[in-house]
Amino acid sequence: MKFVSFSLPTPMGPQIRTGALDAAGGIVDLAAACRASLLGEGLAPAAAVRLSEALLPGDMVALIEGGGRSLDAARQALQWAADEGPDADGVAVVYPAETLHFLPPVPRPPLLRDFMGFETHLRNIYPKLGREIPSEWYNMPVYYKGNPGSLGTHGDDIPIPSYATALDIEFELAMVIGRGGVNIPAERALDHVFGYMIYNDFSERTIQAREMSVGLGPAKGKDFVRGHVLGPYLVTADEVPDIYNLHMVARVNDEVWCETNSGTIHWKFEEMIAHVSTDELLRPGEILGSGTVGGGSGAERGTLLGRGDVVELEVERLGTLRNRVI
């Protein structure tokens with residue numbers, strides 16, 4: 001399944017909903033479809049509302065925490081919408097995608113961690129900094145923690161921060177944890193993955209370099225309004241038979257900047273999960289970024305983004321993530 005989060009206007013203000021992409025490209029409001037299905041089975045209206053919201057809550061992390069029950073309910077809701085049509089008793093169940101305001105697929109993750117998984121990226125970037133790849137990088141998968149409040153998604157305009165004049169892209173994959181745990185062994189780690197997204201880790205290089213010269217960071221070089229862009233969907237793991245064999249293309253203003261394959265990764269996702277969960281609780285809904293694929297940043301080319309530039313990141317099976325810099 002391909003999950004999304006979106007907001008609907010209500011008299012009480014915007015309401016966040018979880019949805020899924022249907023075969024025609026529409027977005028199924030999962031709780032609404034589930035409720036209509038339950039009503040069709042004869043359940044009382046109040047009970048149908050309670051059960052549908054419990055199985056398919058508006059918060060994606062809560063849905064992920066629902067595990068197999070929520071996934072089964074989502075599949076049944078998607079099928080009901082396909083069989084019965086776009087509305088139920090005058091209440092919309094399926095929306096045209098262009099009419100919705102989308103949020104990041106996981107709008108409020110407990111934590112965002114971003115790794116440095118691709119050796120090719122480091123081989124491209126470190127010489128430009130006058131450095132060699134640190135030997136410790138080969139000993140463990142390192143990461144920084146990003147601000148979960150600085151997320152954006154497909155279609156968002158990305159503002160250049162007030163302290164900057166340009167931005168860079170970082171073309172990555174992201175996985176979302178489905179089942180938490182401590183001391184998860186690498187050989188079972190992928191069983192803990194709920195799904196995958198495309199990740200554009202927009203970066204402001206000048207302040208990033210200043211921060212990291214002190215030995216901490218990055219911070220403001222990454223954490224700014226809509227700086228961590230994720231989407232366009234949260235694709236469940238069962239739809240990605242091999243996360244290490246996905247074609248990846250980055251385009252800026254229709255010019256190809258990068259064309260590669262996810263199999264070039266050095267540190268695998270299962271190694272990242274095992275490392276993070278060592279004596280530490282990994283929670284459902286946490287997002288782990290792969291790090292930048294080789295050639296997946298402007299810094300490797302000596303080119304940055306200005307206002308009006310349009311970035312498209314395309315990954316086989318995961319979709320296309322499109323954003324404009326403003």
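Overview of the structure. (Residues numbered from 1 in each chain as written. Predicted model: local features only at pLDDT ≥ 70, side-chain atom pairs only at ≥ 80, totals over all residues. Heavy atoms only, no water.)

### What about the overall build of the chain?
Secondary structure assignment for the chain yields seven helices and 19 strands. Scaling as 2.2 N^0.38, a compact globule of 326 residues should have a C-alpha radius of gyration of about 20 Å, and the chain matches this with 20 Å. Across its three principal axes, the chain shows a C-alpha extent of roughly 70 × 45 × 35 Å. Of all 326 residues assigned to the chain, the portion counted as buried reaches 53%. Taking contacts inside the chain between residues at least 6 apart in sequence as the whole, the part at least 24 apart equals 72%. Element-wise, carbon and sulfur atoms account for 51% of the exposed surface of the chain, whose accessible area totals about 14,300 Å². (Helix = DSSP H or I, 4+ residues; strand = E, 2+ residues; numbered from the N terminus. Rg over C-alpha atoms; globule rule 2.2 N^0.38 Å. Buried < 20%, exposed > 50% of the residue type's maximum accessible area, 1.4 Å probe, protein only. Contact = heavy atoms within 4.5 Å. Areas by Shrake-Rupley, 256 points an atom, 1.4 Å probe, with all protein chains shown as cover.)

### Things to note about the nonpolar core
Counting 50 residues, the largest nonpolar core has Phe171, Phe202, Ile273, Leu288 and Leu318 as the members making the most contacts within it. When sequence neighbours within four positions are dropped, the list of residues in contact with Leu318 reads Leu173, Tyr196, Met197, Ile198, Pro232, Tyr233, Val235, Val240 and Leu246. Grouped together as the second largest cluster of nonpolar side chains are 40 residues, Ala36, Met60, Leu71 and Tyr199 included. (Core = buried A, V, L, I, M, F, W, Y, C linked by side-chain atoms within 4.5 Å.)

### Concerning the environment of Glu204
Its place among the elements puts Glu204 in the loop between β13 (193-201) and α6 (205-212). Other than its neighbours up to four places away in sequence, Glu204 contacts Tyr163, Ala164, Ala166, Leu167, Gly221 and Phe224. In this structure the side chain of Glu204 is engaged in a polar contact, spanning 2.8 Å, whose partner is the backbone nitrogen of Ile207. (Polar contact = N/O pair within 3.5 Å; in protein donor to acceptor, adjacent residues only side chain to side chain.)

### Details of the pattern of salt bridges
Under the counting rule described, the total for this entry stands at 17 salt bridges. One salt bridge connects Asp29 with Arg17, and the closest N-O pair in it is separated by 3.1 Å. Note that Asp29 is positioned in strand β3 (residues 27-29) and Arg17 in strand β2 (residues 15-21), a separation of twelve residues in sequence. Since its relative accessible area comes to 3%, Asp29 is described here as buried. In this structure Arg17 comes out as buried when scored by relative accessible area, which is 6%. Two residues, Glu280 and Arg113, come together in a salt bridge whose shortest N-O distance is 3.0 Å. Placement of the pair is Glu280 in the loop between α7 (269-276) and β17 (287-289) and Arg113 in strand β8 (residues 112-115), with a sequence separation of 167 residues. You can call Glu280 partly exposed: its relative accessible area is 28%. (Salt bridge = Lys/Arg side-chain N within 4 Å of Asp/Glu carboxyl O.)

### Quick notes on helix α2 (residues 45-55)
Among all positions of α2, only Ala48, Ser52 and Leu55 are buried. Here the buried residues of α2 occupy an arc of 70° about the axis, which is enough to place them on one side. Turned more than 90 degrees off the buried face of α2, the exposed positions are Arg50 and Ala54. Each element contacted by the buried residues of α2 is listed here: α1 (30-40) and α4 (67-84). (Arc of directions from axis to C-beta.)

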